[in-house]
Amino acid sequence: MAFPINRPRRLRASAGIRTLVRETVLSPADFVLPLFIRPGKGEKRPIGSMPGHFQWSVDTVVGPAKEAAKLGVPAVILFGIPEKKDAKASGAYAKDGIVQRAARAIKDAVPGLVVMADLCFCEYTDHGHCGIIRKSKDGFILDNDPTLDLVAKTALSQAAAGFDVVAPSGMADGQVGAIRAALDGGGFKDTPILAYAVKYSSAFYGPFRDAAESPPAFGDRSTYQMDPANWREAMREAALDVAEGADMLMVKPGLPYLDVLSAVRERFGLPTAAYSVSGEYAMVKAAGKMGWMDEKRTALEVLTSIKRAGADFMLTYHALEAARWLGA
Ligand code: PBG
């Protein structure tokens, strides 16, 4: 050999040396487990498009919450399927609403677990959109400011139910400011806000809409969720949420938006989360079940990539399985 070769492979030669130089180490402490709650008792209904996930009732949801805590997963986030849906999303801010009751049950049974509230209305409206809607010259529009009144009411009701974190995901302009004002005025100055600051109008939410029974009855969410093509707009959205008082930022989905995640983490410096959404989970599960890919390796690689890109923590449907795989 006429020239000296640099040999990075020296540091890959054994499992031991690879462990020493590994830059990103995934841990169960990085995960938040999403849970779906429906009315009834003793329920555990499988979600077809998300194998391994279920719609639980308030009494049974305590099971997976305990399991999360046992495995070292520090948090869960709750989504509700209410008894009745209406145009004003009444179930979202009802005192004894479905997630309010579930939060109380989980906090009683597993006091140390962080219980987060997804704050959105698509599961609670009869039309399946994320707020109040009205007709417009372009068809229909999410009526921003009336929606903010519901956002404020819902945040208060969630904080009163004992949720540790409120996480608005509806993409109404001003929602973080509205929540901060409502919580401060209502005696919940210490309740943090995890803002779904950057949420794209994504095909990757398909299985979730099945799970939460929340597909839009007409139209789509592209007048309030973001265009997947836009990066600079994501920075503007995140800046607004920081200015309005967000304590933590989230980017959603995860894997297809690592460039955005990484920039948000660097620019704003707040604790930054990624939501590895239902479609990401379903793809890995399906390919694994077909025998086309190794589910465990693929899932851990996806989650490691999300952490490497800058996520301080991630919402993932693989939370419990990944925690087990990591040998917790
Ligand atoms: C509510 C909400 C959605 C998701 C989280 N919160 C659905 C949507 O915007 O249509 C999707 C999560 C997932 O796909 O796992 N707006």
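For the structure, check the block above.
Presented here is a report on the structure given in the accompanying data block.

Parameters at a glance
- Residues numbered from 1 in each chain as written.
- Predicted model: local features only at pLDDT ≥ 70, side-chain atom pairs only at ≥ 80, totals over all residues.
- Heavy atoms only, no water.
- Near = heavy atom within 4 Å.
- Polar contact = N/O pair within 3.5 Å; in protein donor to acceptor, adjacent residues only side chain to side chain.
- Areas by Shrake-Rupley, 256 points an atom, 1.4 Å probe, with all protein chains shown as cover.
- Nonpolar A, V, L, I, M, F, W, Y, C, P; charged D, E, K, R; others polar.
- Phe/Tyr/Trp six-rings, centres within 6.5 Å; stacked < 30°, edge-to-face > 60°.
- Helix = DSSP H or I, 4+ residues; strand = E, 2+ residues; numbered from the N terminus.
- Buried < 20%, exposed > 50% of the residue type's maximum accessible area, 1.4 Å probe, protein only.
- Lys, Arg positive; Asp, Glu negative; His and termini not counted.
- Salt bridge = Lys/Arg side-chain N within 4 Å of Asp/Glu carboxyl O.

Attention now goes to the site of the ligand. With respect to spatial proximity, 18 residues lie near the ligand, and among them R209, Q225, K252, S278 and Y317 are the closest. Take K252: an N or O atom from its side chain is 3.2 Å from a nitrogen atom of the ligand. The fraction of the free accessible surface of the ligand (400 Å²) that becomes covered by protein chains is 100%. For the shell around the ligand, the per-class residue count stands at 10 nonpolar, 3 polar and 5 charged.

Summed over the entire model, instances satisfying the criterion amount to 10 aromatic pairs. Taken together, a centroid distance of 6.2 Å and an interplanar angle of 45 degrees make the contact between Y196 and Y275 tilted. Placement of Y196 in strand β9 (residues 194–199) and of Y275 in strand β11 (residues 272–276) is noted, with a sequence separation of 79 residues between them. The exposure classification of Y196 matches that of Y275, with both residues buried. Ring geometry for Y281 versus Y317: centroids 5.8 Å apart, planes at 55 degrees, classification tilted. With Y281 in helix α10 (residues 278–290) and Y317 in the loop between β12 (313–316) and α12 (319–325), this residue pair connects regions lying 36 residues apart in the sequence.

Relative to the assigned elements, E123 resides in the loop between β5 (114–119) and β6 (133–136). One buried charged residue, E123, forms no salt bridge at all, with the nearest opposite charge on R221 at 7.2 Å. A distance of 3.4 Å separates a polar side-chain atom of E123 from the backbone nitrogen of G80.

Here we take up unusual backbone geometry. Note: most residues except glycine have negative phi, and most peptide bonds are trans. Cis peptide bonds are those with omega within 30 degrees of zero, and the linkage from K252 to P253 qualifies with -10 degrees. Topologically, P253 is positioned in the loop between β10 (248–252) and α9 (258–268). A positive phi is found at A89, a non-glycine position, where the angle reads about 55 degrees. Inspection of the secondary structure puts A89 in the loop between β4 (75–80) and α3 (90–93). A89 sits in the buried class, given a relative accessible area of 1%. Phi is positive for E213, close to 50 degrees, though the residue is something other than glycine. By the element assignment, E213 lies in the loop between α7 (206–211) and α8 (232–244). Assessed through its relative accessible area of 36%, E213 is described here as partly exposed.

Topologically, R236 is positioned in helix α8. The class of R236 is exposed, set by a relative accessible area of 53%. Once the C-alpha coordinates of R236 and Y205 are considered, the two residues, 31 residues apart in sequence, prove to be 23 Å apart.

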